[in-house]
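One-letter residues, chain by chain:
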Amino acid sequence: MSTSDQDTSKLWGGRFSEATDAFVQRFTASVTFDQRMAEEDIRGSLAHADMLCAVGVLSEEECAEIHRGLEQVRAEIAAGEFPWSVELEDVHMNIESRLTQLIGSTGKKLHTGRSRNDQVATDIRLWLRGAIDRIASELTRLQRGMIGLATENSDTIMPGFTHLQSAQPVTFGHHLLAWNEMLERDYGRLMDCRARMNQCPLGSAALAGTTYPIDRAMTAAALAFTRPTANSLDSVSDRDFAIEFCSFAALLMTHLSRMSEELVLWTSAQFQFVELPDRFCTGSSIMPQKKNPDVPELVRGKTGRVNGHLVSLLTLMKSQPLAYNKDNQEDKEPLFDAADTVLDCLRAFADMVPAIRPRKAEMREAARRGFATATDLADYLVVRKGLPFRDAHEVVGKAVAHGVESGLDLSEMSLETLQRFHPEISDDVFEMLTLEGSVAARNHLGGTAPEQVRTEAEAALSHLQLRDSAQP
Ligand code: ARG
C-alpha cells in the first residue's frame, strides 16, 4: 500500500498522524461528480453566514468578507478557472478551502454550527428542487403538445387494441389523451415529491444539532424551503426524497417507453399509422430504404437505466443505521443521471409529439379491416331487437366468420346476407356499422366519441393553465 506524504491541507487532518493512502483518497473522494452542486453549496453557505451574522456569531464585516469570497469562488467556477482538487475530497471542502485562501482566516469561521452532513443534505435538496422544476416545465410542454394533437385528431379514426388485436374503433385524439392521463399522474407524483422534500436540514449539523444560538427558520426561508426539518438525526441520514424522485422517474420512463413502443409499431411498414418527421429519425448505412425511429427507441431503452437507479438507491438506503453514513455519498450519480435522462427524454418527446403526422387513411382502413364494429352489431341486436347479449354475441361471431371467409367487413355485407345470421336485422343497422357511428355512439364521460375528446381536451388544457399559475 502506498502512502502519500503527510498532508496538512486537510480540513479534518488534526487527529491524524499519517497521510491518507493515495488510492483511498481517490476512492473516497466525490468532487469529480458532486461539483455539480457547487452553486447550491454556495447558496447554502451564504444563507448560513447571514444567519450566523444575524444571531451574532459572525460580525457584519466577517459576513461581508465571506460574501465577497464566495462571490469570487462562484465567478471562478463559472469561468472554468476553479482549482478543483481531489485531495480536498468533495465540493464542500473544495469551496471552503478556496474561500479561506481568498479571504484568510475569516473563511475558517464559515463552518461554525454546521457539518458537511447537514450541508450535503441541503445541497442535494436544493439541486433536486431545481431539477424537478426544469422537469415539470418540460413535462407541461409535452402535455400541451399532446393535447393540441389530440384536439386536431378528435375525429381521426383508428383501431383500438386489446392484446394488440383490433378491438373497437377509437379516435386518435382519445388515444393521445390516454397518454396525457399517464403524464398527468406523473406530474402529480413529481409535485408530491417536491412538496415532501422541500424542508431545510441546515442546523442539524453532524447529527445532533449544534450549541450555537442558530435561527433555523431564517436559513429555511432564505433558501425558499417551506420550513426547517423536524429531526436532526433524520435530516442528515435519509435519502428517501431521492428514492421518491427516482420512483417518479421510473414510472414516467415506463409511460414514455409505452408511448415509444407504440410509435415504433405505428411507424413500421406493417402499421403505417403515423409519420415522424425526418429530423427525429436516422437512416441505415446498408439498407437505403430504412428510416428508423431512433428517438422513441432510445427513450424506450433509457427506461432501463432509470429503473436501475431506483433499485440502486433503494439498496443504498436499505439497513443503514442512523444517522449519516458515507454510503450516502453514492446517492448522487444515480440521482443526477435519473434527472438528466428524464429531462432529455421529455425534451425529445416534447419536440417530437406535436410533429407526429397521422396517416388518417391508413388508420381508418386498419380499423375497417379488423371487424372493429362487431360489438356495435351485438349492441344493436340487444338494444333494438331485444336479444340477450350472449345470443347477440353468438350471431355476430358467425357473421364475422363469414366476413373472414369472404373478405367483407360487416358494413360491406348486404342486408340479405346479414339477415342470414338474424332475420330481424333491418336497414337501420348500417348506421351502427360505420366507424364514425361506432365512435360517435360512445358519447359519455371518458368515452371515445369526438365530442367527448374535444371536451376532455379543453378540460385538460384549462387544467394545465391552472397548474401553471399555481406553480411554486
Ligand atoms: N461527500 C460527502 C457526501 O456526499 C459529504 C458528507 C461527508 N460527511 C462526512 N462526515 N464524511 O455524502
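On a predicted model such as this, the values are computed, not experimentally measured, just so you know.

## Overview of the state of the cysteines
Here the structure, examined in full by the defined rule, presents 0 disulfides. Of all cysteine sulfurs, the one in cysteine 63 lies closest to cysteine 53, which takes part in no disulfide; the gap is 4.3 Å. The exposure class assigned to cysteine 53 is buried, which follows from its relative accessible area of 14%.

## Here we look at the confidence of the model for the protein
When pLDDT drops low, the exact placement of atoms in the prediction is not to be read closely. In the predicted model, the protein carries a mean pLDDT of 95, and the fraction of residues at 70 or more is 98%. Counting interchain partners and residues more than four positions distant, the pLDDT-below-50 stretch residues 1–6 has 14 contacts.

## Focus: the site of the ligand
Every residue close to the ligand is listed here: Ser30, Asp34, Asp90, His92, Arg116, Asn117, Val120, Tyr324, Gln329 and Lys332. At a separation of 2.5 Å, an oxygen atom of the ligand approaches a polar side-chain atom of tyrosine 324. Burial of the ligand by the protein amounts to 85% of the accessible area it has alone, namely 340 Å². With 3 residues, helix H6 (residues 116–152) is the single largest residue contributor to the shell around the ligand. For the shell around the ligand, the per-class residue count stands at 2 nonpolar, 4 polar and 4 charged.

## Re the pattern of salt bridges
If charged atoms from side chains of opposite charge come close, those side chains can pair. One pass over the full model with this rule turns up 32 salt bridges. In this structure, aspartate 90 and arginine 116 form a salt bridge, with 2.7 Å as the shortest nitrogen-oxygen distance. Pair noted here: aspartate 90 is in the loop between helix H4 (60–78) and helix H5 (91–103) and arginine 116 is in helix H6, with a separation of 26 residues, a long-range link. The buried category is assigned to aspartate 90, whose relative accessible area is 3%. For arginine 116, a relative accessible area of 24% gives the class partly exposed. For the salt bridge of arginine 305 with aspartate 337, the shortest nitrogen-to-oxygen distance reads 2.8 Å. One end of the pair, arginine 305, is in helix H11 (residues 294–317); the other, aspartate 337, is in helix H12 (residues 332–352), with 32 residues separating them in the sequence. Relative accessible area serves as the criterion here: at 18%, aspartate 337 is assigned to the buried category. Look at the salt bridges and you will find they share partners, linking Glu275, Asp278, Lys291, Arg359 and Glu362 into a network.

## A look at H5
Helix length check: H5, at 13 residues, gives a terminal C-alpha distance of 18 Å against a target of 18 Å (1.5 Å per residue), a fit within 8%. All of the buried residues in H5 are Val91, His92, Met93, Asn94, Ile95, Glu96, Ser97, Arg98, Leu99, Thr100 and Ile103. In this fold, the buried residues of H5 make contact with helix H2 (31–34), helix H3 (38–54), H4 and H6. Glycine 104 occupies a position one or two residues after H5 and carries a positive phi of about 85 degrees.

## Overview of the pairing of strand S2 (residues 165–171)
Two strands pair when backbone bridges link them, and strand S1 (residues 157–162) and S2 are joined in this way by 6 bridges, in the antiparallel orientation. Looking across to S2, one finds that glycine 160 is bridged to glutamine 168. Remark: 2 residues form the turn of the hairpin made by S1 and S2, two consecutive strands paired antiparallel; histidine 163 in that turn has positive phi of roughly 55 degrees.

## Some details on the nonpolar core
Across soluble globular proteins, nonpolar side chains show a tendency to be buried alongside one another. Among the nonpolar cores identified, the biggest contains 90 residues, and Leu142, Phe172, Phe245, Leu256 and Phe349 are the most heavily contacted of them. Filtering out sequence-adjacent residues up to four positions away, leucine 256 remains in contact with Leu142, Leu183, Val299, Cys345, Leu346 and Phe349. Membership of the second largest hydrophobic core comes to 21 residues, among which are Ala399, Val400, Leu415 and Val429.

Criteria and thresholds
Residues numbered from 1 in each chain as written. Predicted model: local features only at pLDDT ≥ 70, side-chain atom pairs only at ≥ 80, totals over all residues. Heavy atoms only, no water. Disulfide = S-S within 2.5 Å. Buried < 20%, exposed > 50% of the residue type's maximum accessible area, 1.4 Å probe, protein only. pLDDT = per-residue confidence, 0-100. Contact = heavy atoms within 4.5 Å. Near = heavy atom within 4 Å. Polar contact = N/O pair within 3.5 Å; in protein donor to acceptor, adjacent residues only side chain to side chain. Areas by Shrake-Rupley, 256 points an atom, 1.4 Å probe, with all protein chains shown as cover. Helix = DSSP H or I, 4+ residues; strand = E, 2+ residues; numbered from the N terminus. Nonpolar A, V, L, I, M, F, W, Y, C, P; charged D, E, K, R; others polar. Salt bridge = Lys/Arg side-chain N within 4 Å of Asp/Glu carboxyl O. Expected span 1.5 Å × (residues − 1). Pairing = 2+ DSSP bridges. Core = buried A, V, L, I, M, F, W, Y, C linked by side-chain atoms within 4.5 Å.

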